[in-house]
Amino acid sequence: MNEQVALQVNSEKRKRVFSAIKPTGNPTLGNYLGAMKYWPRMCETYDCLYAVADLHAITVAIKPKDLRENSKRLFALLLAVGIDPEKNILFMQSHVTAHAELGWLLNNYTMFGEASRMTQFKDKSRKNPENVNVGLFDYPVLMAADILLYQADIVPVGEDQMQHVELCRTVANRFNNRYSPTFTVPVGKIPDYGARIHSLSDPTAKMGKSEGDADGAVLILDRPEDIMRKFKRAVTDCDTKVHACKDKPGITNLLTIYASLCDISIDKAEREFENSDYAAFKLRVGEAAVETLRPIREKYEALRKDDKALGEIMKQGAEKAARSAYRTLEKVYKKIGFVRV
Ligand code: TRP
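Presented here is an overview of the structure given in this document. Along each chain, numbering runs from 1 in the same order as the chain's sequence is written. Thresholds applied to this predicted model are a pLDDT of at least 70 for local features of residues and 80 or more for the giving and counting of side-chain atom pairs; totals over whole chains, interfaces and linings are not thresholded and use all residues. The side-chain figures draw on all heavy atoms in the structure; neither hydrogens nor water molecules are used.

## Side note on unusual backbone geometry
Negative phi is the rule for most residues except glycine; trans is the rule for most peptide bonds.
Right, on to step 1. Notably, Gln151 is not glycine yet its phi reads approximately 55°, a positive angle.
Right, on to step 2. Judged by its relative accessible area of 18%, Gln151 is buried.
Right, on to step 3. Unusually for a residue other than glycine, Asp239 sits at a positive phi of about 75°.
Right, on to step 4. Residue position: Asp239 is located in the loop between helix H9 (224–232) and helix H10 (249–262). Only protein chains enter the calculation, and the probe is 1.4 Å; a residue is then buried if its accessible area is under 20% of its type maximum, exposed if over 50%, and partly exposed in between. Think of it this way: any DSSP run of H or I at least four residues long counts as a helix, any run of E at least two long counts as a strand, and we number them from the N terminus.

Next comes the structure, spelled out in structure tokens:
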């Protein structure tokens, strides 16, 4: 086998990964340690596409200037954490109009009852009864379009999105059976690496990026003094031993954060703080967060100084994504019976 053939065979075997994050709220240390941190490395094993899911951000009322700012911020942050736009396809969802188009088409292969069972829809409707719009209901169908356009094999998601990936599989199978194999049926994967980080002020709740938990959520872009303040104020437990267990959610959360920041096991982190009191421990976790986030914030700030250059990276990403997306979309139109000229 000559080298070129070997390369081809090799690249044919590479599986495709698709994931996306909504530009709502301000990304937190939880988003970073749970997912974003691992995205840059995934291209060593897979062909990766990552989108800023801006179309998904309008199911909840959002001001134009916030949508604009959040979208640019998240895109720049994904670059800043190390996603290389030469080795990955990184793009803004709304820049590839095929997402909205396939979303419409897939609506017709998704049953009302199936979409009604989505727990996220039920939760969000309950929390926001004055704005239960059709977009909120349709959200998982658009998400299915995101994934299926690229024939993705693997979709790394959080637990809360698994049900949506299952719906995507149902819709893909239905379409494939009705016509002929068209879509790769993807699998959702809850990564075993990502750490689940809880709020520093309420360690039983997730560290959320949109909830009003100012002291509990460390933002990726927080200034060092704010990061330190939040860690110093972090809720701990009575007792004094730095040890991870069910009855000590505060300390367990801090140990998880530290282990994840330093890429070490919880055991090792515990041993490191065997003789520390809580105050010294919290200080060290804070410092580790500051050190990890500093280069990200610096890179981010440099990227945000040049809107034009950032726009250029978005454009190139969208062009690359579009090639694959429109190939799938064209197939879908033809199979359904649309006249194509
Ligand atoms: N719904 C996802 C979230 O809230 C974001 C998302 C949009 C997504 N499209 C996707 C995730 C496609 C995975 C695949 O986190």
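## Concerning the nonpolar core
Right, on to step 1. Nonpolar core, defined: a set of buried Ala, Val, Leu, Ile, Met, Phe, Trp, Tyr and Cys residues in which side-chain atoms within 4.5 Å join the residues together. In this structure, Leu29, Tyr32, Met36, Leu78, Phe231 and Ile257 are the most contacted members of the largest nonpolar core, which totals 58 residues.
Right, on to step 2. The leading source of residues in this core is helix H12 (residues 278–304), at 9 residues.
Right, on to step 3. Ignoring anything within four residues of it in the chain, the contact list for Tyr32 reads Lys37, Val81, Ile220, Thr292, Leu293 and Ile296.
Right, on to step 4. Counting residues in hydrophobic clusters, the runner-up holds 42 residues, among them Leu102, Val141, Leu149 and Ala152. Any two residues whose heavy atoms approach within 4.5 Å are treated as being in contact.

## Details of the site of the ligand
Right, on to step 1. Inspection of the region around the ligand gives Phe18, Ala20, Lys22, Ala53, His56, Tyr139, Met143, Asp146, Ile147, Val155, Val157 and Gln161 as its neighbouring residues.
Right, on to step 2. Pairs of N or O atoms within 3.5 Å make up the polar contacts considered here, provided that, within protein, one atom can donate a hydrogen while the other can accept it, and that residues adjacent in sequence are counted only when both atoms are side-chain atoms. Asp146 is positioned such that a nitrogen or oxygen atom in its side chain is 2.7 Å from a nitrogen atom of the ligand.
Right, on to step 3. Within the side chain of Gln161, a nitrogen or oxygen atom sits 3.0 Å from a nitrogen atom of the ligand.
Right, on to step 4. To measure how exposed things are, a 1.4 Å probe is used in the Shrake-Rupley method; for residues, cover is taken only from the protein chains shown. Within the complex, the protein chains bury 91% of what would otherwise be the 370 Å² of accessible surface of the ligand.
Right, on to step 5. Listing elements by their share of the shell around the ligand, those giving two or more residues are strand S1 (16–21) and helix H7 (134–149).
Right, on to step 6. At 4 residues, the largest contribution of residues to the shell around the ligand is made by H7. Here a residue is near a molecule or strand as soon as one of its heavy atoms is found within 4 Å of it.

## Re the packing of helix H4 (residues 98–107) against helix H13 (residues 307–336)
To describe two helices that pack against each other, one gives the angle between their axes and the distance between the axes.
Right, on to step 1. Where H4 meets H13, the axes come as close as 10 Å, and the angle between the chain directions of the two elements is 30°. Classed by the angle they form, the pair H4 and H13 counts as roughly parallel. The handedness of the crossing between H4 and H13 is left-handed. Here Ala98, Glu101, Leu102 and Leu105 of H4 lie close against H13, whose contacting residues are Ala325, Tyr326, Leu329, Val332, Tyr333 and Ile336.
Right, on to step 2. For this scheme, ten residues count as nonpolar: Ala, Val, Leu, Ile, Met, Phe, Trp, Tyr, Cys and Pro. Four count as charged, namely Asp, Glu, Lys and Arg, and the remainder, Gly too, count as polar. Residue composition of the contact of H4 with H13, grouped by class: 9 nonpolar, no polar and 1 charged. Every axis corresponds to a line fitted to the C-alpha atoms, with the helix fit spanning only the stretch in contact, and the corresponding angles, defined between N-to-C directions, vary from 0 to 180 degrees. Each angle gets one of four labels, with under 35 degrees taken as roughly parallel, over 145 as roughly antiparallel, 65 to 115 as roughly perpendicular, and the rest as oblique. Each crossing is labelled by how the near helix is turned from the far one, with a counterclockwise turn of less than a right angle marking it left-handed and a clockwise turn marking it right-handed.

## Some points on the environment of Asp307
Right, on to step 1. You can see Asp307 is positioned in helix H13.
Right, on to step 2. Overall, the relative accessible area of 40% leaves Asp307 in the partly exposed class.
Right, on to step 3. Measuring from C-alpha to C-alpha, the distance between Asp307 and Lys334 comes to 39 Å, with 27 residues separating the pair along the chain.
Right, on to step 4. At 2.9 Å, the side chain of Asp307 and the side chain of Lys72 are in polar contact.

## Structural notes on the pairing of strand S3 (residues 89–92)
Right, on to step 1. Alternating positions in S3 separate into two faces, Ile89 and Phe91 on one and Leu90 and Met92 on the other, with burial throughout.
Right, on to step 2. Two strands form a pair only when DSSP identifies at least two bridges running between them. Both strand S2 (residues 47–52) and S3 contribute to a ladder of 4 bridges, which runs parallel. If you follow Tyr50 over to S3, its bridge partner there is Leu90.

## A look at the packing of aromatic side chains
Right, on to step 1. The aromatic pairing rule takes the rings of Phe, Tyr and Trp, using the six-membered ring of Trp, and pairs them if the centres are within 6.5 Å, calling planes under 30 degrees apart stacked, those over 60 edge-to-face and the rest tilted. The full count for this structure, using the stated rule, is 12 aromatic pairs.
Right, on to step 2. Summarising the aromatic geometry, the rings of Tyr258 and Phe273 are spaced 4.9 Å apart at their centres and angled 75° between planes, so their arrangement reads as edge-to-face. Here Tyr258 is found in helix H10, whereas its partner Phe273 is found in the loop between helix H11 (266–272) and H12, with 15 residues between them in sequence. By the burial criterion, Tyr258 is buried, and Phe273 matches it.
Right, on to step 3. Here the aromatic residues Tyr109, Phe175, Tyr179 and Phe183 are joined through ring pairs into a cluster of three or more.

## Examining the layout of surface pockets
Right, on to step 1. Roughly 200 Å³ of internal volume is contained in the second largest pocket.
Right, on to step 2. Definitions used throughout: a 1 Å grid over protein atoms alone; a cavity as a set of points that fits a 1.4 Å probe which cannot get out; a pocket as an open set with protein on both sides within 12 Å along at least five of seven lines; a lining residue as one with an atom within 4 Å of a point. Leu55, His56, Ile58, Thr59, Gly103, Trp104, Asn107, Asn133, Gly135, Asp138, Tyr139 and Leu142 are the residues that line the second largest pocket.
Right, on to step 3. Of all elements in the fold, only H4 and H7 reach the threshold of two or more residues within the lining of the second largest pocket.
Right, on to step 4. Broken down by class, the residue content of the lining of the second largest pocket amounts to 5 nonpolar, 6 polar and 1 charged. Grid points are joined across faces, edges and corners, and a volume is the space filled by probe spheres set on the points.

## Quick word on the packing of helix H3 (residues 64–80) against H13
Right, on to step 1. Orientation of H3 relative to H13, taken along the N-to-C sense of each, is 75°, at an axis distance of 11 Å. When the axes of H3 and H13 are compared, the pair comes out roughly perpendicular. Listed contacts from H13 to Lys72, Phe75, Ala76 and Leu79 of H3 are Asp307, Leu310, Ile313 and Met314.
Right, on to step 2. Class assignment of the residues belonging to the contact of H3 with H13 gives a composition of 6 nonpolar, no polar and 2 charged.

## Notes on empty space enclosed by the protein
Right, on to step 1. With the rule as written, the count across this model stands at 1 cavity of 30 Å³ or more.
Right, on to step 2. In this structure, the largest cavity encloses a volume near 50 Å³.
Right, on to step 3. Every residue lining the largest cavity is listed: Thr59, Gln120, Phe121, Lys124, Leu136, Tyr139, Pro140 and His164.
Right, on to step 4. The class makeup of the residues in the lining of the largest cavity is 4 nonpolar, 3 polar and 1 charged.

Purely geometric numbers; function is a separate question.
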